[in-house]
Amino acid sequence: MRNTLYIVLFAALALASCVETPNFDNTPRIEFNSIDKYTVPDPFSGPNAQKDSVVITIDFEDGDGDLGVTPEERSDTTLLNTKYSGWGNYELTVLRLEDDQFVEVPSAVSSKLFFPVLKRDGKPGPIKGKLDFSQIFFYSRFARPTTLKFQVKVRDRALRVSNVIETDTISVPLD
């Protein structure tokens, strides 16, 4: 009986050691996963007002797992204006369909965007998962249904920039 226990333990250890650590590049890589729109009430604009919440989901992988910004870094305006000048740790570009081609929609809202640290243990190593980014589009008297798509890129704490992905199109209210 004791020999059987040792054989089972040895087999379990042997199987556990067969799990290979993924070998991702240290520059983040992203892929488009999905884009979804949810029309929700907007109680701040009136009793029957609505807004569209667009959620963009991307898949990511990073070899050293240095994705995200801590709350302390997020509140340090000097760091944000030097290290993350121009844009945050992700950039979301909005493109509107005009005359059969997509043109960029200037947006101050999406200029400095941040997501939190993804590896909570802080240890370097590969990381893989999904990230959701959301944008809100408000209905107004002048808003018209508009076909949009988005481009997304991320950068890690070492300022290595991922590839750029493009979403499918979606229709939202836009002035």
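The text that follows walks through the structure, step by step, so that each part is easy to find. Just so you know, these numbers come straight off a predicted model, no measurement behind them.

1. Remarks on the overall build of the protein chain
Next, step 1: From N to C terminus, the protein chain includes three helices and eight strands.
Next, step 2: Helices and strands appear in the protein chain in the N-to-C order α-β-β-α-α-β-β-β-β-β-β.
Next, step 3: Taken over 175 residues, the protein chain has a buried fraction of 37%.
Next, step 4: Sequence separation of at least 24 residues holds for 73% of the intrachain contacts in the protein chain that already meet a minimum separation of 6.
Next, step 5: Carbon and sulfur atoms make up 54% of the accessible area of the protein chain, which totals about 11,100 Å².

2. Concerning the side chain of aspartate 42
Next, step 1: Structurally, aspartate 42 can be placed in the loop between strand E1 (29–41) and strand E2 (50–62).
Next, step 2: Nearest to the buried, unbridged aspartate 42 among oppositely charged side chains is lysine 51, at 4.2 Å.
Next, step 3: The residues contacting aspartate 42, other than those within four sequence positions of it, are Ala49, Gln50, Lys51 and Phe138.

3. A few points about the packing of aromatic side chains
When we look at a pair of aromatic rings, we describe it by the centre distance and by the angle of the planes.
Next, step 1: Evaluation of the coordinates by the stated rule reveals five aromatic pairs.
Next, step 2: A ring pair is formed by tyrosine 84 and phenylalanine 114, whose centres lie 5.6 Å apart and whose planes are at 90°; its orientation type is edge-to-face. One end of the pair, tyrosine 84, is in the loop between helix H3 (77–82) and strand E3 (90–98); the other, phenylalanine 114, is in the loop between strand E4 (101–104) and strand E5 (127–138), with 30 residues separating them in the sequence. For the residue pair tyrosine 84 and phenylalanine 114, the accessibility class agrees, reading buried in each case.
Next, step 3: Taking 6.0 Å as the distance between ring centres and 35° as the angle between the ring planes, the aromatic pair formed by tyrosine 90 and phenylalanine 115 counts as tilted. Pair noted here: tyrosine 90 is in strand E3 and phenylalanine 115 is in the loop between E4 and E5, with a separation of 25 residues, a long-range link.
Next, step 4: Its relative accessible area of 5% is what places phenylalanine 115 among the buried residues.
Next, step 5: Aromatic rings pair up to connect Tyr90, Phe115 and Phe133 into one cluster.
Next, step 6: One residue, arginine 155, lies across the ring of tryptophan 87, its end atom 4.1 Å from the ring centre.

4. Focus on the pattern of salt bridges
Next, step 1: Enumeration according to the criterion identifies 11 salt bridges in this entry.
Next, step 2: Note that arginine 160 is salt-bridged to aspartate 64, the shortest N-O span being 2.5 Å. A residue pair is termed long-range when its members are at least 10 positions apart, and arginine 160 in the loop between strand E6 (144–154) and strand E7 (165–166) and aspartate 64 in the loop between E2 and helix H2 (71–75) qualify at 96 residues.
Next, step 3: By relative accessible area, arginine 160 is classed as partly exposed at 25%.
Next, step 4: A residue is classified by how much of its surface remains accessible, and aspartate 64, at 18% relative accessible area, is buried.
Next, step 5: What you see here is one network of salt bridges that share partners, running through Asp64, Asp66, Asp156 and Arg160.

5. Focus on the side chain of serine 162
Next, step 1: For serine 162, the location among the structural elements is in the loop between E6 and E7.
Next, step 2: Take serine 162: its relative accessible area is 7%, and that puts it in the buried class.
Next, step 3: Beyond its immediate chain neighbours, meaning those up to four positions away, serine 162 contacts Thr27, Pro28, Arg29, Ile30, Lys153 and Val154.

The rules we used
- Residues numbered from 1 in each chain as written.
- Predicted model: local features only at pLDDT ≥ 70, side-chain atom pairs only at ≥ 80, totals over all residues.
- Heavy atoms only, no water.
- Helix = DSSP H or I, 4+ residues; strand = E, 2+ residues; numbered from the N terminus.
- Buried < 20%, exposed > 50% of the residue type's maximum accessible area, 1.4 Å probe, protein only.
- Contact = heavy atoms within 4.5 Å.
- Areas by Shrake-Rupley, 256 points an atom, 1.4 Å probe, with all protein chains shown as cover.
- Lys, Arg positive; Asp, Glu negative; His and termini not counted.
- Salt bridge = Lys/Arg side-chain N within 4 Å of Asp/Glu carboxyl O.
- Phe/Tyr/Trp six-rings, centres within 6.5 Å; stacked < 30°, edge-to-face > 60°.
- Lys NZ or Arg CZ within 6 Å of the ring centre and 35° of its normal.

Shape is all these values report; function is a separate question.
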